[in-house]
Amino acid sequence: MKATLDALGVEIDEALDACRSDDDLERIRIAYLGRKGRLTEVMRGVGVLPAEERPAVGELVNQLKRRVDEHIGALRDRWESERRVQALASERVDVSLPGRVFAHGHVHPLTAVLDDALGILVSLGFSIYEGPHIEDEHHNFTALNIPADHPARDMHDTFFVDDTHVLRTHTSPVQIRVMENQEPPIAAIVPGPVYRHEVETVKNSAMFHQVEGFLVDRHVTFGDLKGVLGLFVQRMFGDDTRVRFRPSFFPFTEPSAEVDISCVICRGSRKLATGDPCRVCKATGWLEILGSGLIHPEVFRAVGYDPEKVSGFAFGMGVERMAMLKYGITDIRHFYQNDLRFLSQF
Amino acid sequence: MKITLNWLRELVDVVLSPDELADTLVMAGLEVESVDERRPSWGSVEIARIESVQPHPNADRLRLCQVKRAHESVAVVCGASNMQAGDLVALAVPGTVLPDGKHIEQATIRGQSSHGMLCSARELALSDEDGGGIMILPRDAEIGVSLVSYLSAEDTILELSVTPNRGDCLSVLGVAREVAALTGATLRVPAVKIVEGKAAAARIVSIEVQAPDLCSRYCGRVVRGLRIAPSPLWMQTRLGMVGLRPINNVVDATNYVMLERGQPLHAFDLARIRGARITARRAGNRQRYETLDGVTRELLPDDLVIADAEGPVALAGVIGGADSEIRAETVDILLESAFFVPETVRRTARRLGVNTESSYRFERGVDPGGTRTALDRVTELVVAHSGGEIARGVLEQRAPGRRARPAIRLRPARVNALLGTTFKATEMERPLKALGAVVSGKGSASWRVVPPSHRFDIQNEVDLVEEVARLIGYDRVPATVPSIVAGGPGMGPTRDVEQRLRERLRSGGFDEMVTLAMVSAEDNRDFPGLPELTGRAVTLANPLSVDAAELRRSLLPGMLRAFSENRRQGAEHVAGFTIGRVFAREDDRYQELQTLALLVAGSPPATTMGEARRAVDFADLKGVLGLMFAELHLDRVRWERVGTEAGYLHPGKSARIEIGGVACGYVGALHPNAIAERHLDAEPWVAELDLMRVVQYCPRRVIFRPLPRFPAVSRDIAVVVDDEFPAQRVIDAVEEVAEPLVEDVRVFDQYTGSPIPSGKKSLAYTIAYRAPNRTLTDDEVNAMHEQLVARLVRELPLEVRR
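Values in this document were obtained by computation on a predicted structure and should not be read as measured data. In this convention, every chain numbers its residues from 1, walking through the sequence in written order. Chain letters start at A and ligand numbers start at 1, both assigned in the order the entries are written. Only residues with pLDDT of at least 70 are given local features in this predicted model, and only at 80 or more are side-chain atom pairs given and counted; all residues enter the totals for whole chains, interfaces and linings.

Attention now moves to the overall build of chain B. Across its full length, chain B holds 21 helices and 40 strands. For a compact globule of 802 residues, the expected C-alpha radius of gyration is about 28 Å, and chain B comes in at 42 Å, more than 25% above that figure. In terms of overall dimensions, chain B has a C-alpha envelope of 130 × 80 × 55 Å along the principal axes. The buried share of chain B, taken over its 802 residues, is 42%. Working definition of a contact: two residues with C-beta atoms, positioned from the backbone, lying within 7 Å. Taking the intrachain contacts of chain B between residues at least 6 apart in sequence as the baseline, contacts between residues at least 24 apart amount to 69%. Here a helix means four or more residues in a row that DSSP labels H or I, a strand means two or more in a row labelled E, and each is numbered from the N terminus. Values of the radius of gyration come from C-alpha atoms, whereas the globule rule sets the reference at 2.2 Å times the count of residues to the power 0.38. Burial is judged by counting other C-beta atoms within 10 Å of a residue's own C-beta: 20 or more means buried, 12 or fewer means exposed, and anything between counts as partly exposed, with every C-beta placed from the backbone.

Across the boundary between the two partners, chain B contributes 77 residues, which contact 69 residues of chain A. The class makeup of the residues in the side of chain B that touches chain A is 41 nonpolar, 19 polar and 17 charged. By the convention adopted, Pro, Cys, Tyr, Trp, Phe, Met, Ile, Leu, Val and Ala count as nonpolar, Lys, Arg, Asp and Glu as charged, and the other residues, Gly among them, as polar.

Turning to the sheet that holds strand S5 (residues 207-217) of chain A, a few remarks are in order. All names here are of chain A. Spatial ordering of the open sheet is given by S1-S4-S5-S9-S8-S7-S6, a layout of 7 strands whose pairing is mixed. Edge positions in the sheet fall to strand S1 (127-128) and strand S6 (243-250), since each of these pairs with one other strand and no more. Relative to strand S7 (residues 253-262), S6 runs antiparallel, the two sharing 7 bridges. Directly across from Ser 248, in S7, lies its bridge partner Ser 256. Strand pairing follows a simple DSSP-based rule, namely that at least 2 bridges must link the two strands.

With that settled, the discussion passes to the packing of helix H5 (residues 109-123) of chain A against helix H8 (residues 222-237) of chain A. All names here are of chain A. Following both chains from N to C, one finds H5 and H8 inclined at 140°, their axes separated by 10 Å at the closest point. Between H5 and H8, the angle falls in the class oblique. Regarding H5 and H8, the two cross each other, and that crossing is right-handed. Mapping the contact onto sequence places Asp 116, Ala 117, Ile 120 and Leu 121 in H5 and Phe 232, Arg 235 and Met 236 in H8. Considered class by class, the residues forming the contact of H5 with H8 number 5 nonpolar, no polar and 2 charged. For helices, the fitted axis covers only the stretch in contact; all axes are lines through C-alpha atoms, and the angles between them, taken along N-to-C directions, range from 0 to 180 degrees. If an angle is under 35 degrees, it is roughly parallel; if it is over 145, roughly antiparallel; if it lies from 65 to 115, roughly perpendicular; otherwise it is oblique. A crossing counts as left-handed when the near helix is turned anticlockwise from the far one by less than a right angle, and as right-handed when that turn is clockwise.

Bringing unusual backbone geometry into the picture now. With an omega of 0°, the peptide bond between Pro184(A) and Pro185(A) qualifies as cis. Omega for the peptide link from Ser754(B) to Pro755(B) comes to 5°, which places this bond in the cis form. With respect to the helices and strands, the residue Pro755(B) is situated in the loop between strand S38 (742-751) and strand S39 (760-769). Positioned with a positive phi, Arg270(A) is a non-glycine residue whose angle comes to about 75°. With respect to the helices, strands and loops of the structure, Arg270(A) is situated in the loop between S7 and strand S8 (286-295).

Residue and element names in this part refer to chain B. The 3 strands lie next to each other as S1-S11-S2, forming an open sheet whose pairing is antiparallel. Among the strands making up the open sheet, the edge pair consists of strand S1 (2-4) and strand S2 (31-38). Taking each pair of neighbouring strands and ignoring which way they run, the sheet shows an average axis angle of 25°. By the bridge criterion, 3 bridges tie S1 to strand S11 (residues 155-161) in an arrangement that is antiparallel. Bridged to Thr 4 within S11 is Ile 157.

What follows concerns helix H2 (residues 18-27) of chain B. Residues lying three or four places apart along an α-helix face the same way, a consequence of the helix completing one turn every 3.6 residues. Burial in H2(B) covers these residues: Leu21(B), Ala22(B), Leu25(B) and Val26(B). Axial view of H2(B): buried residues confined to an arc of 135°, hence all on one face. Among the exposed residues of H2(B), those pointing more than 90 degrees away from its buried face are Asp19(B) and Glu20(B). Elements that come into contact with the buried residues of H2(B) comprise S6 of chain A together with S2, S11 and helix H4 (172-183) of chain B. Two residues or fewer after H2(B) comes Gly29(B), characterised by a positive phi angle close to 100°. What the arc describes is the spread of directions from the helix axis to the C-beta atoms.

Functional significance is not addressed by these values, which are geometric in nature.
Okay, here's the thing in structure tokens:
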């Protein structure tokens, strides 16, 4: 029996040494260790041996089986690792080829700037309100202290829809609508398109966008206006942005102030790195960005508020202007032409 | 408005540099648009006197002049012949560079040495015209003085942008007042000196104001026997610098004083005033009238005119008449200085589309206290430059009942309360006094302030608050950040939804676009928009062009324009969306809807190299809208075939989107007719939705569903149906059964072709079954599925494929 086993062991070793593929290996495994394999048969034969011989022979058979199992496993592992080394040596992707294209659209630059502005103002406690684009003259002009036959109407080239309705020339009529509908305190912002009867040029469009904001409460001061707009401008244009307030005129505010920020291009130095004068700020170092002021008592009277009891400030800015400054766009018409070569840059 | 620094310096001391002055004015609310320094290259041209003029010995056309300079006498060869001994002339000494770049050297001309050149006005770029030879200067010119300083030709021009409330700043005097108030310098307005003759003006012409409500003061002076000629060169130079064309010595004087004092003035040729009578009255009836710009204009009965015995001679404050304008042969004139009510001037000027320096100032208001001084000032200049005799007396009529200005109450505490400052009373008083206001009652909490007559814009307390803040400086107001405690919707539901769907559409490959609200009538006819827009199109009363005559009913024309422009630029694929208002008018009510439009056309970019390009189809649009609805958690969305309500869409390739059973928008391929009319080279798929309805159906909150604990089992079913059969019908039928164990049903395949007979198609669905409390057995599911299939076969025109 032992001789038989030894001979079988030698035979198996020879077969395994000659074996070169996984398939051959599997064939060998089945031939010797399969259900009808030679070694399996030998193991079965152990059962018929006399009881006293069985343990020793059984042990020999098991040893052989273990040895063969290990041999097969080792061969498999060796080949597997050889293959992995080969694969590592040969598998390559060209990482310079383009990736798979996922559809992606672009934010319109006006939306990007507007969302920034609204986000800042909402975080400061303002709420968004909207109003009609077709306005009556009362809300667009008269209630805002712009009477008929007043030169201030020259500041607004107006589209008329009928004798008493216009396309709103600014977002300020929504101030009136909001105040007509509720009592102070009010902290409101009004974004949206406005319309001016202006021929389209590099600088002008018959439709453009504004954001208006106003705060009405007891004891709102001009200092508060300066504080809130200073904060807004720094968050919008960067912490190092300087801001200045200079007197101006709007019929619906008094005192009125134009708000300038230090030029976003030359950082207020009036000159470019090349030494040439900065053209964006016309070498003044400042850019006009906002109109503002304390709400005029006449406006409060128009909505039934008592100007002795409440005060407030209002401000407004052009979204196009901010976007043009932010992105260096010099022609306002790009915003409405929707050229994909333009849109895809944002 | 332009002014010059030298001119300003005549009225106030300016110690600041031009840039500092500009900064000071800007920070006080007078915007300075530009600072333009004029420094002529010919600074060395000086005034000299001709001592003798001889013919040039060697040239017929040249003259040999002996010219007296301050300290020597020199010989100059000259080509002109209009000078004679004693004339004062402009001598360009050797070393001078003329505006055209020519260098003047000492030279020998045909054997005669010449020490410079005698200049014409044109050679010094002072005039466009030749003037028939060299410049002969007036007698008041002084030998040796530089011509630049004599003419005030070296100057700095400030261009100011004056806000509509500050009509008082539309003059050199007005700006000088501001400078004085801001810098503490003293205003020095030179006194006017005139000498009247014997003849009484009132006997020459009479003045009457018949419309005192429109003209509260009218003053006139008569000058007779003057000679019309060009104005002195210094005045021409100065007018030119501020952008006014010199005309003659009378008209220039009226313009000059208007710029200096802010009071518009007018000169009439007295010989052409019929009936020796001037009346300020309403036109009275419609009539046609020729103004001095040669245009015949129509007057309305309420227009204020200045008339003689027979008819209008000027449109008050707007423009003079052609008949009575000053001509070369004019010898007697009537000078007018008046206060016309701003509104009447503005109405007439607006209606006629005339904007003159005069109307511009009257509209913004002129100093009612300055009417008479301006008249005397212009008379002074006219006589100085044109000669003539001033008739005795001022012709004047004022509206009755004009009283002194009422005082304005000013509470110093209120100033600090509004500004958020702690200014002391003395600090507030200083700027008011600097303005020329009279302040009384200073001991009390409520002052009484009377502003000067030229500050008619200061009407109430808050105007004074601004003046105090402005003159002390806005930079002195400390910035404070209030804690804002106000109710309100915050971002608000609509904005929130808009922002989310913008993001989702972008992530679906759509670019955001912005289109203009004005469209053509044809656009509105072809694209009437959503059915909710029941009214007719809104037309503009004053459109900029026929292409922009109406307000859009639909966002689609704008999107189609963007599409075709991009195709023209070579774009293969256009996918865009826009959010905007659309408009209609129903009786006297206007409708405005916030809508969303999408457009996709062309062939989408291949996702990988080598992938075949395909044309956009319905699934692209439905897919991206599905993405959007999913973002908004809208699950009750249905896509229905369109009837006739969207004629701009292809009837077989379009759908109505319903949310919660309500139509919210339309989707589909553009109708072939519209494609042809717009010459489009690809079939665009478009959609338009009513955003407010979408927002309305968005669930307010999302509620978590517990995760299933037991597995789902699915069964497929394939059916053969007519081509026309919508896939949704099977889904609807399954859902109608309302079997609680059916979790989901969806279509996953559509097939036509062999072996399916033509006119038919095969649809494949998968149905998922799940119980919440146990694992379903195969037998259970099979039984349920068989029952369901049997029901479908019974109820729907379909055959089950086995």
